[in-house]
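The chain contents come next:
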Amino acid sequence: MSRLEARELVIDVPGRRDGRSLDLSLEPGQVWGVLGPNGAGKTTLLHTLAGLRAPRRGTLRLDGESLSALSRRRVARALGLVFQERQDGFPATVRETALIGRHPWLSPWQMEGGEDLKLAEAALERLDVAHLAERLVSTLSGGERQRLAIATVLTQAPAIWLADEPTNHLDLHHQTAVMALLAEQARAGSAVMLCLHDLNLAARWCDQVLLLYPDGEACWGPRDAMLVPGALERLYGQRLATAEIDGAPVFVPVR
Amino acid sequence: MHAARHSLAAVGHRGLAFPLGLLALAALAALALSVAVGSVTVTPAELWEVALGGGDALSRTLVLELRVPRALSAFATGGLLALAGALMQVLLRNPLADPYVLGLSGGAAVGALAAMLAGLGGLVISGSAFAGALASTLLVFGLAHGTGSWTPARLLLTGVVVAAGWGAVVTLMLAVSPAERLPGMLYWLMGDLSYARTPGYALALLLGVCLLAFPLGRSLNVLARGALQAAALGVAVRPLEWAIYVAASLLTAMAVTTAGSIGFVGLVVPHMLRLVLGNDQRLILPACALAGGTLLMLADALARTLIAPEQLPVGVITALLGVPTFLYLLYRSR
């Protein structure tokens, strides 16, 4: 179990004023949803929390230690990131790609062994891409690649999950399956933070919500306090109709 | 094609032994062939006697003082170039990168030709070529670094433009040099092993980098998937990238110093091996060293025999073999 703490954090979005600094911590068991319009800084926030970008101001602590002072390897053992964009370098198979999730756990002289392979296979199975194990990644569909990216982080087995639009490209069934997987990780003691565009997934699966406004303003708190039509309409500049289905609010844009 | 690719991870260290053993055997066979053929043929029986410490004086001189050092120089040069190419390709996440494309050998050529133009010889030419390669490295990296962003595409583009600039300087130098110096300069530009007699340092460097490739291999595999992804998986990206660039420059400078300008080995060898062996750097890097060395030994044997007793510059052979092979592979691959 790990916790990630942000104190007076201002992310560095070029050309934007500081806005409101963030004071929040990702605790074991929590599922955070980050909502905001395009360009509000959701991806920048996740990359900053993962230590891949320097913040403009403020501090980040992973289990009480300053994030920037820790080695990348130590960070990667605690914290996994599902990227929104992926680049294809050289051809690689699906199995090889899932296996790189074991990288932070192996010493330089160690080859990946049977145990590592088992973990990768189990992750591929869990994400419903095990039948593609021998395929080259470049031949997969968008949704299959998305599931592979999540399987790679599952192989990495971090205590803190940061996922940038993990339901991108996924069909309805796999959207639900992925959200259920992340919720299960949280129940098992992980801390999870997701950037989402789908309000209804946030309403159903997240317990904490962070709203990021394009001007740098932000507010956060328990889901029910955050997901109110007025705040969301202001967030997206879009009128919404609200209903309740299956015990959760449903938001639909109206003209 | 990828049915033949085997995942190293599944087979562990044993997965390294078979392909590398096969390539080492091929290298030994090429060495034997390369020592046997030339303007005077040495029979296998004579070769065996010399290897055991016997044989007549002429064969001994021919084999031990001329052909073996030259063949080992060819091996080292080919291995260094292929290894440098493979490292650059990981660094830039681009299979088109190689020391020639990135302008390293252009800088070396300008350094060497300047020394020749000044009428200097031997060691000064080597030192000047080395300085030229390192200067080119710093120039390309410094300029591509710019105000902070250091994207592979920008680095590749900077290298290509710098290489074109060196090309123009080379042409200028050839245009103003006196006629009697031209043949030597041209031979050097095309790559020439005639004067390569001391393969020791090159072989030591080759071995050293191959040994480092194993502990760094998995980090390189992760880096090949992108800098951000690598950082997220625990790789200290910036130090690793600098290490690769410095290593690749050193390898190139050493190769160019040994044998002049030889193209296509750094591009073709890693590409061919990746098609067959996959892209695990722990396998690909030593395999590149062996296969690149073997290729250049064979090319040099051809260069010495095709129009014997005249010799062709070995760079011509590698280009004539390399261009069609590369185009064919590119055409076949998905």
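S.K.: How do you make sense of the overall build of chain B when you look at a structure like this?
M.R.: For chain B, the count of helices and strands is 14 helices and 0 strands. Along its sequence from the N terminus, chain B presents helices and strands in the succession α-α-α-α-α-α-α-α-α-α-α-α-α-α. For 334 residues, the compact-globule estimate of 2.2 N^0.38 gives 20 Å, and the C-alpha radius of gyration of chain B, at 20 Å, lies within 12% of that figure. Along the first, second and third principal axes, the C-alpha atoms of chain B reach 65 × 55 × 35 Å. The buried share of chain B, taken over its 334 residues, is 51%. A separation threshold of at least 6 residues defines the contact pool for chain B, and within that pool the share at least 24 residues apart is 75%.

S.K.: Would you take a moment to explain the sheet that holds strand 5 (residues 65–66) of chain A for this structure?
M.R.: Either a parallel or an antiparallel arrangement is found when strands of a sheet pair, and the pairing is made through backbone hydrogen bonds. Residue and element names in this part refer to chain A. Pairing is antiparallel across the open sheet formed by 4 strands, whose spatial order is 2-1-4-5. Either end of the sheet is taken by a strand with one partner, and the two such strands are strand 2 (22–26) and strand 5. One ladder, built from 5 bridges, connects strand 1 (residues 4–10) with strand 4 (residues 57–62); its direction is antiparallel. Across the sheet, L4 pairs through a bridge with L62, a residue of strand 4.

S.K.: How should I be thinking about helix 4 (residues 57–92) of chain B in this particular structure?
M.R.: Since the α-helix advances by 3.6 residues per turn, residues separated by three or four positions end up pointing in the same direction. Residue and element names in this part refer to chain B. Compared with the 52 Å implied by 1.5 Å per residue over 36 residues, the 51 Å span of helix 4 between its first and last C-alpha is a close match. For helix 4, a buried count of 26 out of 36 residues is recorded, marking the element as mostly surrounded by other parts of the structure. Looking at the residues trailing helix 4, positive phi occurs at R93, about 50 degrees.

S.K.: What's the story with helix 5 (residues 142–156) of chain A in this structure? I'm lost.
M.R.: Residues and elements named next belong to chain A. Helix length check: helix 5, at 15 residues, gives a terminal C-alpha distance of 21 Å against a target of 21 Å (1.5 Å per residue), a fit within 8%. In terms of burial, helix 5 is largely enclosed, as 13 of its 15 residues are buried. Remark: A157 follows helix 5 within two positions and exhibits a positive phi of approximately 55 degrees.

S.K.: I would appreciate a short explanation of the interface of chain B and chain A in the present structure.
M.R.: Accessible area lost upon the coming together of the parts is a frequently used measure of interface size. With 26 residues of chain B at the interface, the matching set in chain A holds 30 residues. For the side of chain B that touches chain A, the secondary structure elements donating two or more residues are helix 1 (8–11), helix 9 (200–223) and helix 10 (227–232) of chain B. No other element matches helix 9 of chain B, which puts 5 residues into the side of chain B that touches chain A. When grouped by side-chain class, the residues that make up the side of chain B that touches chain A number 13 nonpolar, 9 polar and 4 charged.

So, how was this worked out
Residues numbered from 1 in each chain as written. Chains lettered and ligands numbered in written order. Predicted model: local features only at pLDDT ≥ 70, side-chain atom pairs only at ≥ 80, totals over all residues. Helix = DSSP H or I, 4+ residues; strand = E, 2+ residues; numbered from the N terminus. Rg over C-alpha atoms; globule rule 2.2 N^0.38 Å. Buried ≥ 20, exposed ≤ 12 C-beta atoms within 10 Å, placed from the backbone. Contact = placed C-beta atoms within 7 Å. Pairing = 2+ DSSP bridges. Expected span 1.5 Å × (residues − 1). Nonpolar A, V, L, I, M, F, W, Y, C, P; charged D, E, K, R; others polar.

Function cannot be read off these values alone, since they describe shape.
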